[in-house]
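# Inside the fold
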Amino acid sequence: MTREHVVPKAARTHVSVGIIGLGNVGLGTLEILLESAQRIEGKLGFALDVAAVCSRNPRQKKLPPLEGSVIRTSEWRDVVDNPEIDIVVEAIGGTATAGHIIEEALRRRKSVVTANKELMALRGSELWALASENSVNLAMEASVAGGIPIHTVLREGIAGDRVLELYGILNGTSNFILTEIEKSHAAFESVLSEAQRLGYAEVDPSADIDGLDARSKLAILAALAFGEKLTPAEIYTEGIRRIMPVDFQYAHQLQHTIRLLCLARQSDEGLLLSVRPSLIPQTAILAHVQGAYNAIWIRGAYGDDTFYYGRGAGSKPTGVAVVSDLMRVAREIRFGSPERVSPFAYESLDAHRPLPVATQKLPYYLRFRVEDKAGIIAMLATILAKHEIGIDAVLQLPREDWRDLPFVITTEPAPEQSVRQALLDIRDADFLIEPPFAMPMERGF
Ligand code: HSE
């Protein structure tokens, strides 16, 4: 396909932006653009003007003061069809209407900046192809880890490296809940309620606490890091609902802590990906990530370890990501740059199936809640031995209630497949008050 060169508009003094969606991200973007207009112009050498804003109730919404010339509308087509607008910000989220808006904007040769991880994880490469056909850009820094410029890092900063492993804490809500349980020893449900009261967790918290938000982000980062197109559903995902305060007590006894770990690891056999609560050593840099913060640790074949830390969400941190994308795209428009870097770092993505996590060999943390009686450990040890799983340690805190006794067995490194089979054999034992709970113990941290 030949790309048409975009002809720079002669003596352009400004580039115009239309923002669709004035929720958290859209409003943060608008406020930064208005408050920092002069500084942005100083950096670019030309103005980045807000020409239109679109939201469901544009008149009712409490907006920062806008010049009279700025269009306020509730109809997204007023922005997308407007010939004066060069770049459309899609900040409504979701996949249906947002997908439609982005397609229409790209077809009308407007570049798009989006914060939409769900849509970009599902249809990003198809939308990039459409952007490319129309010689415009599609930028999505804000879609993963809000305030951390991780796309720029993978797309440009360490593009010269070959990524071997990527580990992330990519969901601030889950990290807030886990680190609160760790600090206060409060039960999951009460910490979740507190997170909802503080506005960290949504009324329906499932996207965050069941790992779905994190897996969309991991799918995007895996594309950027490894050039693989992955649908989020292909990524093995477990959330944090089963974590109990006692898990932290046992993890600490093992000099570990627990985080919702997003992982992508390249080996000769393929790419292994997972989002799941995992034990990581207390000395690991990711173990120090507290509260609603996000972090990503990347190991490259040449550059070795690099680490990125910051706010994963929030109106202003995510707004910075959108505005920085806008500035990059505006420069291209201003200077008529014909060649753009794919937002996925690779011009085209491969589509290999990820390796099943059951193939990995790690030590596992197995937590049992039992109604105590004699012979439980002996029976568990027999079943584990039948599956050739060695026991590393048995941990039991002083008993408080013999009818609900949580204790832990840690294993020697074992294939996850064997661990799963053993847990299936154990699952129906009459002393269990809930199915056994397993977490991998990550090594090499
Ligand atoms: N809900 C997400 C989080 C932020 O808790 O990290 C938006 O992606």
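The structure presented is a predicted model; accordingly, all values stated were derived computationally and were not measured.

### Description of empty space enclosed by the protein
Leftover empty space is mapped by rolling, across the atoms, a probe with the size of a water molecule. Under the defined criterion, the tally for this structure stands at 1 cavity of 30 Å³ or more. Considered as a void within the structure, the largest cavity measures approximately 90 Å³ in volume. Together, 13 residues line the largest cavity, and Met120, Ala121, Lys229, Leu230 and Phe344 are the ones closest to its centre. Tallying contributions element by element places helix 5 (residues 117-133) first for the lining of the largest cavity, with 6 residues. Split by residue class, the lining of the largest cavity holds 9 nonpolar, 2 polar and 2 charged. Each of domain 1 (14-147 + 315-345) and domain 2 (150-311) accounts for three or more of the residues forming the lining of the largest cavity.

### Some remarks on the domain arrangement of the protein chain
As far as domains go, the protein chain holds domain 1 (14-147 + 315-345), domain 2 (150-311) and domain 3 (360-440). Contacts between domain 1 and domain 2 engage 20 residues on the former and 21 residues on the latter. At the boundary of domain 1 with domain 2, total buried surface from both sides reaches about 1600 Å², with 63% on carbon and sulfur atoms. Interface area lost by domain 1 to domain 2 is led by Ala121, Glu141 and Val144, which between them contribute 32%. At the boundary of domain 1 and domain 2, one finds 1 salt bridge. One salt bridge in this structure joins Lys117 and Asp213, with 2.8 Å as the shortest N-O distance. Our count for the contact surface shared by domain 1 and domain 2 stands at 7 residue pairs in polar contact (both at pLDDT 80 or more). Secondary-structure elements contributing two or more residues to the side of domain 1 that touches domain 2 are helix 5 and helix 12 (315-335). Ranked by residue count, the leading element in the side of domain 1 that touches domain 2 is helix 5, at 6 residues.

### Regarding the pattern of salt bridges
A full pass over the atoms with the stated rule returns 31 salt bridges. Ionic pairing is found between Arg108 and Asp81, a salt bridge with its closest N-O pair at 2.6 Å. Of the two residues, Arg108 is situated in the loop between helix 4 (96-107) and strand 5 (111-114) and Asp81 in the loop between helix 3 (76-80) and strand 4 (87-90); the sequence distance between them amounts to 27 residues. A relative accessible area of 39% means that Asp81 is categorised as partly exposed. Overlapping salt bridges bring together Arg242, Asp247, Arg367, Arg369, Asp404 and Glu434 as one network.

### Thoughts on the pairing of strand 1 (residues 14-20)
Of all 7 residues that make up strand 1, 6 are buried, and the element is covered over most of its length. Where strand 1 and strand 2 (residues 47-54) come together, 7 bridges link them in parallel fashion. Within strand 2, the position partnered with Val17 by the bridge is Val50. Looking at chain direction, strand 1 and strand 4 are connected through 4 bridges and run parallel. Each bridged residue has a counterpart across the sheet, and for Ile19 the counterpart in strand 4 is Val89.

### Re the pairing of strand 11 (residues 293-300)
Counting buried residues along strand 11, 6 of its 8 residues qualify, which places the element largely inside the surrounding structure. Pairing of strand 7 (residues 163-169) with strand 11 involves 6 bridges; the strand directions are antiparallel. Residue pairing across strands places Gly168 opposite Ile296, the latter belonging to strand 11. Pairing of strand 11 with strand 12 (residues 304-311), which is carried by 8 bridges, proceeds in the antiparallel orientation. Each residue of the ladder has a partner; that of Trp297, found in strand 12, is Phe307.

### Focus: the packing of aromatic side chains
In this structure the tally under the stated criterion is 7 aromatic pairs. With 5.1 Å between their ring centres and 25° between their planes, Tyr167 and Trp297 make a pair best called stacked. With Tyr167 in strand 7 and Trp297 in strand 11, the pair connects residues that are 130 residues apart, well separated along the chain. Trp297 shares its class with Tyr167; the two are buried. Where Tyr293 meets Tyr309, the ring centres are 5.0 Å apart and the plane angle is 5°; that geometry is what we call stacked. With a gap of 16 residues between them, Tyr293 in strand 11 and Tyr309 in strand 12 connect regions that are remote in the sequence.

Parameters at a glance
- Residues numbered from 1 in each chain as written.
- Predicted model: local features only at pLDDT ≥ 70, side-chain atom pairs only at ≥ 80, totals over all residues.
- Heavy atoms only, no water.
- 1 Å grid on protein atoms, 1.4 Å probe; cavity = no way out; pocket = protein on both sides within 12 Å on 5 of 7 lines; lining within 4 Å.
- Points joined across faces, edges and corners; volume = space filled by probe spheres on them.
- Helix = DSSP H or I, 4+ residues; strand = E, 2+ residues; numbered from the N terminus.
- Nonpolar A, V, L, I, M, F, W, Y, C, P; charged D, E, K, R; others polar.
- Domains from an automatic or database assignment.
- Contact = heavy atoms within 4.5 Å.
- Buried area = accessible area lost by both parts, 1.4 Å probe.
- Salt bridge = Lys/Arg side-chain N within 4 Å of Asp/Glu carboxyl O.
- Polar contact = N/O pair within 3.5 Å; in protein donor to acceptor, adjacent residues only side chain to side chain.
- Buried < 20%, exposed > 50% of the residue type's maximum accessible area, 1.4 Å probe, protein only.
- Pairing = 2+ DSSP bridges.
- Phe/Tyr/Trp six-rings, centres within 6.5 Å; stacked < 30°, edge-to-face > 60°.

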